[in-house]
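One letter stands for each residue in the lines below.
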Amino acid sequence: MPHTSKIRFVLFLAVLLFITGCGKKEEEKKEERKTPAATIGSAEELSLSTEDSVHYQFQYHQQSFQAVFEGGVWKIYDSYRIANTQDQVIICRALSDEHPVKDKAGTGYRTADDLSFEWQQHNIAYYLLPDDSPWKKNAKDVDLNPEDQGKTLFQFMLERGF
């Protein structure tokens, strides 16, 4: 690994640890998390629609988004453009009402909050990765699947050999 890549990697990890609050007690982290209020009032505002129960469209702040449900996985295209956590939860709930995503154990279903957490990890990666990173393209669309339930950005990085 060239010297500049090592420095970039160390800086990336430092920012990641700062963002995730590594080393703090869970109660302290919960207190610090002040989630902005939702900018949409309900799932109805999304105008979620489909013609084939696989390919879906929804509206978010006058922008069209595509979501596909295949093989038990939701893929939301250009998901990085939606940063509000509460709005993500509303969107995930609307998608789950159409097709729920199994949990990691395969015995139940993932919650909208849990799906939103995975989405947030993708967004963090998208905004922290340099434009020339091959992983940035993958981070722009979120795949909400059973296998990634509860994984942090750090775990994703380790799996992909960052």
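For clarity, every value in this text was computed on a predicted model and none was experimentally measured.

Enquirer: What exactly am I supposed to notice about the nonpolar core here?
Expert: The tendency in soluble globular proteins is for nonpolar side chains to be buried as a group. Core analysis: the largest hydrophobic core is formed by 23 residues, its most contacted members being Leu46, Phe58, Tyr60, Trp74, Ile76 and Ile91. Elements that contribute at least two residues to this core include exactly strand 2 (55–60), strand 3 (63–70), strand 4 (73–76), helix 3 (85–98), helix 4 (112–128) and strand 5 (142–144). The element best represented in this core is helix 3, accounting for six residues. In this view, Leu46 contacts Ile40, Phe58, Gln59, Tyr60, Ile90, Ile91 and Ala94; residues no more than four positions away in its chain are not counted. Ile124, Ala125, Tyr126 and Leu129 belong to the second largest nonpolar core, which has seven residues in total.

Enquirer: Quick question: what am I supposed to make of the pairing of strand 4 here?
Expert: Sheet topology note: the strand 3/strand 4 ladder contains four bridges and is antiparallel. Residue pairing across strands places Phe69 opposite Trp74, the latter belonging to strand 4. Sheet topology places strand 4 next to strand 5; three bridges connect them, and they run antiparallel. Bridging from a neighbouring strand, Trp74 pairs with Leu144 of strand 5.

Enquirer: So what exactly am I meant to see when it comes to the side chain of Asp141 here?
Expert: Summarising the element assignment, Asp141 is placed in the loop between helix 5 (134–139) and strand 5. For Asp141, a relative accessible area of 10% translates into the label buried. A polar atom in the side chain of Asp141 sits 2.6 Å from the backbone nitrogen of Asp78. Within the local environment of Asp141, its side chain forms a polar contact with the side chain of Lys140, the two groups lying 3.1 Å apart.

Enquirer: How should I be thinking about the packing of aromatic side chains in this particular structure?
Expert: The relative placement of two aromatic rings is captured by the distance of their centres and the angle of their planes. Summed over the entire model, instances satisfying the criterion amount to seven aromatic pairs. Between Phe58 and Phe65, the aromatic rings sit 5.4 Å apart at their centres with planes inclined by 10°, giving stacked as the arrangement. On the basis of an interplanar angle of 65° and a centroid distance of 6.4 Å, the ring pair of Tyr80 and Tyr127 is categorised as edge-to-face. With a gap of 47 residues between them, Tyr80 in the loop between strand 4 and helix 3 and Tyr127 in helix 4 connect regions that are remote in the sequence. By relative accessible area, which is 51% here, Tyr127 ends up exposed. Put simply, the rings of Tyr56, Phe69 and Trp74 pair up and form one aromatic cluster.

Enquirer: When you look at the environment of Tyr56 in this model, what are you seeing that I'm missing?
Expert: As for its position among the elements, Tyr56 is in strand 2. It is 5.0 Å that separates the C-alpha atoms of Tyr56 and Ala67, two residues lying 11 residues apart in sequence. Those residues in contact with Tyr56, other than ones at most four positions away along the chain, are Leu48, Ser49, Thr50, Phe65, Gln66, Ala67, Trp74, Glu98 and His99. A distance of 3.0 Å separates the side chain of Tyr56 from the side chain of His99, its partner in a polar contact.

Enquirer: Looking at this structure, I do not really get the pattern of salt bridges. What am I missing?
Expert: Where charged atoms from two side chains of opposite charge come close, those side chains can pair. Counted under the stated rule, the structure contains eight salt bridges. Glu118 is the salt-bridge partner of Arg110, the closest N and O atoms lying 2.7 Å from each other. Here Asp141 and Lys140 are joined by a salt bridge, their closest N and O atoms 3.1 Å apart.

What counts and how
- Residues numbered from 1 in each chain as written.
- Predicted model: local features only at pLDDT ≥ 70, side-chain atom pairs only at ≥ 80, totals over all residues.
- Heavy atoms only, no water.
- Core = buried A, V, L, I, M, F, W, Y, C linked by side-chain atoms within 4.5 Å.
- Buried < 20%, exposed > 50% of the residue type's maximum accessible area, 1.4 Å probe, protein only.
- Helix = DSSP H or I, 4+ residues; strand = E, 2+ residues; numbered from the N terminus.
- Contact = heavy atoms within 4.5 Å.
- Pairing = 2+ DSSP bridges.
- Polar contact = N/O pair within 3.5 Å; in protein donor to acceptor, adjacent residues only side chain to side chain.
- Phe/Tyr/Trp six-rings, centres within 6.5 Å; stacked < 30°, edge-to-face > 60°.
- Salt bridge = Lys/Arg side-chain N within 4 Å of Asp/Glu carboxyl O.

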